[in-house]
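Fold and contact review
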Amino acid sequence: MAVADATSAAPPAPEDCTHPQPVTGVLAHEFAHYDGAIGPEGRRRTVTYYGPVIGGLPISAWHCEVCGLLRLTYPDGRTEERRLFPGPQPGLLAAPSAIAPESVEYGRQARVSGLSASASFIQQLIEEQCLLQRPLQLPRVTLPDWDAITWLLVGGLVSVIVALLIAGFLAVYTFSTPDAELPLVIVTTLLFVALLVFRLGVAAVRHFFPAQPLRPSIATAARGKPALDGTTRTVIALLVLSLTGLFAAGVLAVYTFVTPGAEGPVFVASMACAVAAIVIKLVDVVWRHFSGR
């Protein structure tokens, strides 16, 4: 009798329960709403999946399996308490995750009516669970904005440094100095002197003959807005009609086994538009030539 009485004993009220080992996570259940219901994200329109996946509404939940108390914390700061049946509630809560394997395997996507998880929340989940595989990024080298003369001088000085390094290596790597040591030192010295003279010459030219800022070209300064006269517009319109008609005639000629009766008129009209465009343009050119326009 004692066992039966203990089994049938009513669970404690939430106010009297000590809430030992509550379960925390986010709501992870799927249910359909009745038409016109009002939810935390507004008027419910579709089936809502409060799931720990990208796109799900992350409603933080706290559940006590002893008294059945369920505390909800919505993303907008609102809180709510509900009373569920005591005991474990499988599938009610889940740990936040960037993906839901059970949904991915069956091809289901997260469905939510209204709010979605914030980008910062999803990024935090991805970084915590190492789901973001960063692509291989090669080091980027940003070249300085130098002119051709500076690049030439830098290249020459780098060549001098490399030559000096080679000359120093040849001077000490064996017991006797090789024959190539003297020509290499002479060439390196002449290269350095040439670079020095070149830099002094550039400085002198820039000092005594400074370059004036370039003025805009006549094509840019005197440029006007493009304008077409009436004759040119008429010619263009006739050519467009001719090309459209020829395309239509080509389609009519091959789309079936028998050439339709409209093939001839369409082709003739297209050629007439092309000939009319040529004639109008020739007449306009002759008129401009003899009228002096």
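What comes next is a walk through the structure. Residue positions within a chain follow its written sequence, with the count starting from 1. Thresholds applied to this predicted model are a pLDDT of at least 70 for local features of residues and 80 or more for the giving and counting of side-chain atom pairs; totals over whole chains, interfaces and linings are not thresholded and use all residues. To get the side-chain values, all heavy atoms of the structure are used, and hydrogens and water are removed first.

1. Digging into the overall build of the protein chain
- Helix and strand definitions follow DSSP, with helices as H or I runs of at least four residues and strands as E runs of at least two, each counted in order from the N terminus. Helix and strand content of the protein chain: eight helices and nine strands.
- Expressed as a percentage of the 293 residues in the protein chain, the buried residues total 23%.
- Only carbon and sulfur atoms are counted for the fraction: they give 67% of the accessible area of the protein chain, which is about 21,700 Å². Each residue is assigned to one of three classes by its accessible area relative to the maximum for its type, calculated with a 1.4 Å probe on protein chains only: buried under 20%, partly exposed between the two thresholds, exposed over 50%. Each accessible area is a Shrake-Rupley result for a 1.4 Å probe, and residues are judged covered by the shown protein chains and nothing else.

2. Topic: the packing of helix α4 (residues 148–172) against helix α5 (residues 181–208)
- Angles run from 0 to 180 degrees between N-to-C directions of axes, and those axes are lines fitted to C-alpha atoms, restricted for helices to the stretch in contact. One can describe the packing of α4 onto α5 by two numbers: an axis separation of 9 Å at closest approach and a directional angle of 160°. Classified by the angle between their axes, α4 and α5 sit roughly antiparallel to one another. Crossing hand, α4 versus α5: left-handed.
- Lys, Arg, Asp and Glu make up the charged group, whereas Ala, Val, Leu, Ile, Met, Phe, Trp, Tyr, Cys and Pro make up the nonpolar group; the residues left over, Gly among them, are polar. Classifying every residue of the contact of α4 with α5 gives 18 nonpolar, three polar and three charged. Here is the rule for angles: anything less than 35 degrees is roughly parallel, anything more than 145 is roughly antiparallel, 65 through 115 is roughly perpendicular, and the remaining ranges are oblique. What makes a crossing left-handed is the near helix being turned counterclockwise from the far one by less than a right angle; a clockwise turn instead makes it right-handed.

3. Section: the pairing of strand β1 (residues 23–27)
- We call two strands paired when DSSP finds no fewer than two bridges between them. Sheet topology places β1 next to strand β6 (residues 60–63); four bridges connect them, and they run antiparallel. For Val 26, the partnering residue across the bridge sits in β6 and is Ser 60.
- Pairing of β1 with strand β9 (residues 93–94), which is carried by two bridges, proceeds in the antiparallel orientation. The residue of β9 that forms the bridge with Leu 27 is Leu 93.

4. Examining the pattern of salt bridges
- Salt bridges are identified by distance alone: a Lys or Arg side-chain nitrogen within 4 Å of an Asp or Glu carboxyl oxygen. Summed over the entire model, instances satisfying the criterion amount to five salt bridges.
- Across the pair Asp 229 and Arg 288 runs a salt bridge whose closest N-O atoms are separated by 2.5 Å. Taken together, the residues span a long stretch of sequence, with Asp 229 in the loop between α6 (218–221) and α7 (230–254) and Arg 288 in helix α8 (residues 263–291) at a distance of 59 residues.
- For Asp 229, a relative accessible area of 26% gives the class partly exposed.
- Within the structure, one salt-bridge network assembled from shared partners comprises Asp 229, Asp 284 and Arg 288.

5. Topic: the nonpolar core
- Nonpolar cores are built from buried Ala, Val, Leu, Ile, Met, Phe, Trp, Tyr and Cys residues. Side-chain atoms within 4.5 Å join them into one set. Counting residues in each nonpolar core, the largest one holds eight residues, listed as Leu 27, Ile 59, Ala 61, Leu 70, Leu 72, Tyr 74, Leu 92 and Leu 93.
- Among the nonpolar cores identified, the runner-up in size contains five residues, and Cys 17, Trp 62, Cys 64 and Cys 67 belong to it.

6. A word on the packing of α7 against α8
- Interaxial distance between α7 and α8 falls to 8 Å at its minimum, and their mutual angle equals 160°. Between α7 and α8, the crossing angle belongs to the class labelled roughly antiparallel. Here α7 and α8 pass one another in a crossing that is left-handed.
- Looking at the contact of α7 with α8 residue by residue, the class counts come to 17 nonpolar, six polar and three charged.

7. Section: unusual backbone geometry
- Its identity is not glycine, yet His 19 carries a phi of approximately 55°, on the positive side.
- Taking the relative accessible area as the measure of exposure, His 19 reaches 17% and is therefore buried.
- Phi at Gln 21 is positive, roughly 50°, even though this residue is not glycine.
- Relative to the elements of secondary structure, Gln 21 occurs in the loop between α1 (2–7) and β1.
- The exposed category is assigned to Gln 21, whose relative accessible area is 74%.

8. With respect to the sheet that holds strand β7 (residues 69–73)
- Judged by pairing direction, the sheet is antiparallel, and its five strands sit side by side in the order β8-β7-β6-β1-β9 without closing on themselves. Both edges of this open sheet fall to β8 (79–83) and β9, since each of them pairs with a single strand only.

9. What to know about the side chain of His 19
- Among the secondary structure elements, His 19 is positioned in the loop between α1 and β1.
- Polar contact is the term for a pair of N or O atoms within 3.5 Å; when the atoms are in protein, one must be able to donate a hydrogen and the other to accept it, and sequence-neighboring residues count only if both atoms are side-chain atoms. Within polar-contact distance, the side chain of His 19 engages the backbone oxygen of Pro 14 at 3.5 Å.
- Leave out the neighbours within four places in its chain, and His 19 touches Pro 14, Trp 62, Cys 64, Cys 67, Leu 69 and Arg 71. In this description, contact between two residues means that some pair of their heavy atoms is separated by no more than 4.5 Å.

10. Here we look at the packing of aromatic side chains
- A pair of aromatic rings is counted whenever rings of Phe, Tyr or Trp (Trp by its six-membered ring) have centres within 6.5 Å, and the orientation is called stacked for planes under 30 degrees apart, edge-to-face for over 60 and tilted otherwise. Counted by the stated rule, this structure contains two aromatic pairs.
- Ring centres 5.0 Å apart and planes at 55° place the aromatic pair Trp 146 and Trp 151 in the tilted group.
- Judged by relative accessible area, Trp 146 falls into the partly exposed class, the value being 39%.
- Measuring from centroid to centroid gives 5.5 Å for Phe 169 and Tyr 173, while their planes differ by 10°, and the two rings are stacked.

11. A look at the pairing of β6
- As judged from the four bridges shared by β6 and β7, these two strands associate in the antiparallel manner. Directly across from Ala 61, in β7, lies its bridge partner Leu 72.
- Counting the residues in the hairpin turn of β6 and β7 gives five residues, including Gly 68, whose phi is positive at 85°.

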